[in-house]
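Fold and geometry: a report
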Amino acid sequence: MISLDEARTIIVQQLQPLDAVPVPLAQARGRVLREDVRAPEDIPAFDRSAMDGYALGLDDRSERFRVVAEIQPGASGDLKIGRGECVRIFTGAAIPAGASQVIMQEDTKREGDFMIPTRRDAETHIRVCGEDARRGSVLLREGTRLGAAELALLAQLGVTQPLISPAVRALHFSTGNELVDPATKPARGEIRDTNSTLIAALLAERGAQLAHQSRCGDALDALVAAIETPRRETWDVILISGGASVGDYDFGARALERLGFKIHFRQINLRPGKPLIFATRERQAAFVIPGNPVSHFVTFHTAIARAIECFEGAPESWPLASMNLAREIAEAPSPRETWWPCRVALNDGAFNAEPLAWQSSGDLCGLASAYGLIRIPAKSQPLDAGASVSCLLLDHRW
């Protein structure tokens, strides 16, 4: 049984990024950039006015200036002003030759064709060519996840087909003869399938694509046949709910081995989620997840999400924050590292972690509203209210 840190390291060692593809900007949100992006020209590309006002020479101390032209944004500003002259100019417009200062409109008065400054200082109110970035400078690094601001910057740079990682394509199979559709009233001994809904949502929150999902009971041949049905080139990772333990009907590892996967670990010193299996076949990956939903939730955020990042070529996202415990966790010490679902609240300028009620790894009632996972080291003593804890912040909640 290995530690979670060791498991995450193994995942990184075994996986490589998917082949990058160029896509239109409108399709790139949330994807990971796979190349450095440089400024093709100076930004701004020309001196431009930062204010509405009048452009003139900074060293021209005339008392009144003849207004010889008006320059709006988008005009070339292809003229030259002399001493005692100025141009009416608007925010973003090109500064004409001979001008080195813009006087704000509210610091002037007009008398016919003349402008008279009423207040003047050394401030130029000009955005100088190249002050934001120089031509050739790297503005976005490979590995950047593209959000609204990054997409806007790409548009400014004229990069309309950025090279990005495609969405990770996942197959999901729920095992267990006891599972029925959520719309069905379970008979005695049956339960509604919650893991299919949970996995679909977790994948969506990570920007992964659910390529196929089905339930396949508790039979080795059925599981193998279900995995083989989608064409191999249509998916990147398999997630199998249930079948991770060592019982007579836990077929996950055997199915993967029959299909040519190499298993890299079978257990993690983790609570919940100990019997987590990770395997690879060429550039594809597979996880067999212990069947209870809280185990799904914890192993997804602590291990499976790392695999998705590897496929994306993304840097590790592991936002562990130190915060105070809002109420005690009075459990006896566990030999395994525990990840306890919690709410996170900002009180008096400090973050507090409030542990959620948690009866078992099948307790969805205690999982709802989780904003984080409190990391409790193995063999820790009970934790008092106010104790400092490490909490993994769940990205989709913030």
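Below is a summary of the structure that appears in this document. Nothing here was measured: the structure is a model prediction, and the numbers come from that model. In every chain, residue numbers begin from 1 and rise along the written sequence. Note on the predicted model: pLDDT of at least 70 is required for a residue's local features to be given, and 80 or more for side-chain atom pairs to be given and counted; whole-chain, interface and lining totals, by contrast, use all residues. The basis for every side-chain value is the complete set of heavy atoms in the structure, and neither hydrogens nor water enter the calculation.

Details of the packing of helix α3 (residues 195-205) against helix α6 (residues 293-312)
All axes here are fitted lines through C-alpha atoms, helices being fitted over the stretch that makes contact, and every angle between N-to-C directions spans 0 to 180 degrees. The helix and strand labels rest on DSSP assignments: H or I over at least four residues marks a helix, E over at least two residues marks a strand, and numbering proceeds from the N terminus. Running from N to C, α3 and α6 cross one another at 30 degrees; their axes reach a closest spacing of 11 Å. When the axis of α3 is compared with that of α6, the two are roughly parallel. In terms of crossing hand, the pair formed by α3 and α6 is right-handed. On α6, the residues that touch Asn 195, Leu 198, Ile 199, Leu 202 and Leu 203 of α3 are Pro 293, His 296, Phe 297, Phe 300, His 301 and Ile 308. Note on residue classes: Ala, Val, Leu, Ile, Met, Phe, Trp, Tyr, Cys and Pro are nonpolar, Asp, Glu, Lys and Arg are charged, and everything else, Gly too, is polar. For the contact of α3 with α6, a count of residues per class yields eight nonpolar, three polar and no charged. An angle below 35 degrees is treated as roughly parallel, one above 145 as roughly antiparallel, one from 65 to 115 as roughly perpendicular, and anything else as oblique. Left-handed is the label given to a crossing in which the near helix is rotated counterclockwise from the far helix by less than a right angle, and right-handed is the label when the rotation is clockwise. Here a residue-residue contact requires only that any non-hydrogen atoms of the pair lie within 4.5 Å.

As for the packing of aromatic side chains
Aromatic rings in a pair are described by how distant their centres are and how their planes are angled relative to each other. Ring geometry is summarised as follows: Phe, Tyr and Trp rings, the Trp one being its six-membered ring, pair when their centres sit within 6.5 Å, and such pairs are stacked at plane angles under 30 degrees, edge-to-face over 60 and tilted between the two. Overall, the coordinates contain four aromatic pairs when judged by the stated rule. Ring geometry for Phe 265 versus Phe 278: centroids 5.5 Å apart, planes at 35 degrees, classification tilted. Of this pair, Phe 265 sits in strand β18 (residues 262-265) while Phe 278 sits in strand β20 (residues 277-281), and the two are 13 residues apart along the sequence. Grouping residues by exposure puts Phe 265 and Phe 278 together as buried. Centre to centre, the rings of Trp 340 and Trp 358 are 4.9 Å apart; their planes meet at 85 degrees, and the pair counts as edge-to-face. On the criterion of sequence distance, the pair formed by Trp 340 in strand β23 (residues 337-347) and Trp 358 in the loop between β24 (350-355) and β25 (372-376) is long-range, its members being 18 residues apart. The rings of Phe 265, Phe 278 and Phe 287 are connected pair by pair, giving a single aromatic cluster. Note on exposure labels: buried denotes an accessible area under 20% of the residue type's maximum, exposed denotes more than 50%, and partly exposed covers the range between, all computed with a 1.4 Å probe on protein chains only.

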